Amino acid sequence: MLARVIVLLACGCALLPAVVIDRIAVVIGTSIVKQSDINRDMRVTEFLNGSPLELNAAARKAAANRLIDQVFIRREIRIGDYPQATPKEADNELAGLRKERYRTDAAFEAAMHRYGLNVLELRSQFQWQLTVLDFIDARFKPAVYVSRAELETYYHEHAAALKRQTGKSSLNDLRQDITNLITGEKVNKLFFDWLDSQRKEAKIEYLEQGLQ
């Protein structure tokens, strides 16, 4: 529950509306994560996952950790001058979500209301997600190499499953599919290893009062 304070003016004792204190929840070097950031992340994440909204301590800690990772990613994007996704690209993703999940605009609006969200917040999230995906590809994919031995090993271990999924059976026909799968796995590993190294090098302080 966000803390609130009621400000009383001595002159006339007029009562002003409650003021929400946006507490600091996490300090990462010179960056911070606020309670409002955590609240928004939880609502957006659960909405996009189609999951019930959970605002308990475990969910708040998970959201805080996601936001810590975002601090490192935003800094790297800024330093490396990586491109940002455009609002148009985000709008296309949002339109796809609406079409896939909701029959009417009213149903979409009602769902956003249940999670305490608005279109601007969802558009911003989609724009950020697309930016991160582009960053991961640009930052880590060039370092990935898939050898012939890796292709053959993956093929022999997963041939039956790949045939069911793609309808292809020979290694030659599946070569690009397997290359893409192995590349994706390696890129993800490089990315998460990089995040781990950023966490180890950073000074991270959780402020329990801000995580409540």
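All values derive from a computational prediction rather than experimental measurement.

Details of the overall build of the protein
Turning to step 1, where the next piece is worked out: Within the protein, the secondary structure is distributed over eight helices and five strands.
Turning to step 2, where the next piece is worked out: The linear arrangement of helices and strands in the protein, starting from the amino end, is β-β-β-β-α-α-α-α-α-α-α-β-α.
Turning to step 3, where the next piece is worked out: Judged by the C-alpha coordinates and their principal axes, the protein covers about 85 × 50 × 30 Å.
Turning to step 4, where the next piece is worked out: Within the protein, the fraction of its 212 residues that count as buried is 32%.
Turning to step 5, where the next piece is worked out: When the accessible surface of the protein is totalled, it reaches about 13,500 Å², and 53% of it is carbon and sulfur.
Turning to step 6, where the next piece is worked out: Of note, the protein has its 30 positive side-chain charges centred 2 Å away from the centre of its 28 negative side-chain charges.

Examining the side chain of Thr 131
Turning to step 1, where the next piece is worked out: Within the secondary structure, Thr 131 is located in helix 5 (residues 119–140).
Turning to step 2, where the next piece is worked out: The class for Thr 131 is buried, based on a relative accessible area of 1%.
Turning to step 3, where the next piece is worked out: A distance of 2.8 Å separates a polar side-chain atom of Thr 131 from the backbone oxygen of Gln 127.
Turning to step 4, where the next piece is worked out: Beyond its immediate sequence surroundings of up to four residues, Thr 131 is in contact with Ile 77, Pro 83, Gln 84 and Ala 85.

Observations regarding a negative patch on the surface
Turning to step 1, where the next piece is worked out: A cluster of acidic residues, Glu 89, Glu 93, Asp 134 and Asp 137, forms a negative patch on the protein surface.
Turning to step 2, where the next piece is worked out: Breaking the negative patch down by element, the ones donating at least two residues are helix 3 (87–101) and helix 5.
Turning to step 3, where the next piece is worked out: Mapped onto the elements of the fold, Asp 137 is located in helix 5.

Remarks on unusual backbone geometry
Turning to step 1, where the next piece is worked out: The backbone of Asp 81 shows a phi angle near 55°, a positive value even though the residue is not glycine.
Turning to step 2, where the next piece is worked out: For Asp 81, the position within the fold is in the loop between helix 2 (57–80) and helix 3.

Observations regarding the pattern of salt bridges
Turning to step 1, where the next piece is worked out: The final tally for this structure, using the stated rule, is 11 salt bridges.
Turning to step 2, where the next piece is worked out: For Asp 41, the salt bridge goes to Arg 66, with nearest N and O atoms at 2.5 Å. Residue Asp 41 is found in helix 1 (residues 35–49), and its partner Arg 66 is found in helix 2; the two are separated by 25 residues along the sequence.
Turning to step 3, where the next piece is worked out: Where salt bridges share partners, they join Lys 34, Asp 37 and Arg 40 into one cluster.

Here's the deal with helix 5
Since the α-helix packs 3.6 residues into each turn, any two residues three or four apart lie on the same face.
Turning to step 1, where the next piece is worked out: With 22 residues, helix 5 extends 32 Å from end C-alpha to end C-alpha; this agrees with the ideal 32 Å at 1.5 Å per step.
Turning to step 2, where the next piece is worked out: Inspection of helix 5 places Leu 122, Gln 125, Phe 126, Trp 128, Leu 130, Thr 131, Val 132, Phe 135, Ile 136 and Phe 140 among the buried residues, and these make up the whole buried set.
Turning to step 3, where the next piece is worked out: In the core, the buried residues of helix 5 are packed alongside helix 1, helix 2, helix 3, helix 4 (105–114) and helix 7 (171–201).
Turning to step 4, where the next piece is worked out: Residue Asn 118 occupies the N-cap position of helix 5, its side-chain oxygen lying 3.1 Å from the main-chain nitrogen of Leu 120.

Observations concerning the confidence of the model for the protein
Turning to step 1, where the next piece is worked out: The predicted model of the protein has a mean per-residue pLDDT of 88, with 90% of residues at 70 or higher.
Turning to step 2, where the next piece is worked out: Segment residues 1–19 is flagged for pLDDT under 50; beyond a separation of four residues in sequence, or across chains, it makes 25 contacts in the model.

Thoughts on the environment of Asp 173
Turning to step 1, where the next piece is worked out: Along the chain, Asp 173 turns up in helix 7.
Turning to step 2, where the next piece is worked out: In the structure, Asp 173 is positioned 11 residues away from Leu 162 in sequence and 11 Å away in space, judged by C-alpha atoms.
Turning to step 3, where the next piece is worked out: Reaching out from Asp 173, the side chain makes a polar contact with the side chain of Ser 170 at a distance of 3.0 Å.

Quick notes on the pairing of strand 3 (residues 24–28)
In the case of a regular strand, side chains alternate between the two sheet surfaces.
Turning to step 1, where the next piece is worked out: Pairing of strand 3 with strand 4 (residues 31–34), which is carried by four bridges, proceeds in the antiparallel orientation. Bridging across to strand 4, Ile 28 finds its partner in Ser 31.
Turning to step 2, where the next piece is worked out: As consecutive antiparallel partners, strand 3 and strand 4 are separated by two residues, and within that stretch Gly 29 has a phi angle of approximately 60°, a positive value.
Turning to step 3, where the next piece is worked out: Note that strand 3 and strand 5 (residues 204–206) share three bridges and pair antiparallel. When the bridges of strand 5 are listed, Ile 28 appears paired with Ile 204.

The rules behind these values
- Residues numbered from 1 in each chain as written.
- Predicted model: local features only at pLDDT ≥ 70, side-chain atom pairs only at ≥ 80, totals over all residues.
- Heavy atoms only, no water.
- Helix = DSSP H or I, 4+ residues; strand = E, 2+ residues; numbered from the N terminus.
- Buried < 20%, exposed > 50% of the residue type's maximum accessible area, 1.4 Å probe, protein only.
- Areas by Shrake-Rupley, 256 points an atom, 1.4 Å probe, with all protein chains shown as cover.
- Lys, Arg positive; Asp, Glu negative; His and termini not counted.
- Charge placed at Lys NZ, Arg CZ, Asp CG, Glu CD.
- Polar contact = N/O pair within 3.5 Å; in protein donor to acceptor, adjacent residues only side chain to side chain.
- Contact = heavy atoms within 4.5 Å.
- Patch = residues over 30% accessible without salt bridge, like charges linked within 9 Å, V, L, I, M, F, W, Y side chains within 5 Å.
- Salt bridge = Lys/Arg side-chain N within 4 Å of Asp/Glu carboxyl O.
- Expected span 1.5 Å × (residues − 1).
- pLDDT = per-residue confidence, 0-100.
- Pairing = 2+ DSSP bridges.

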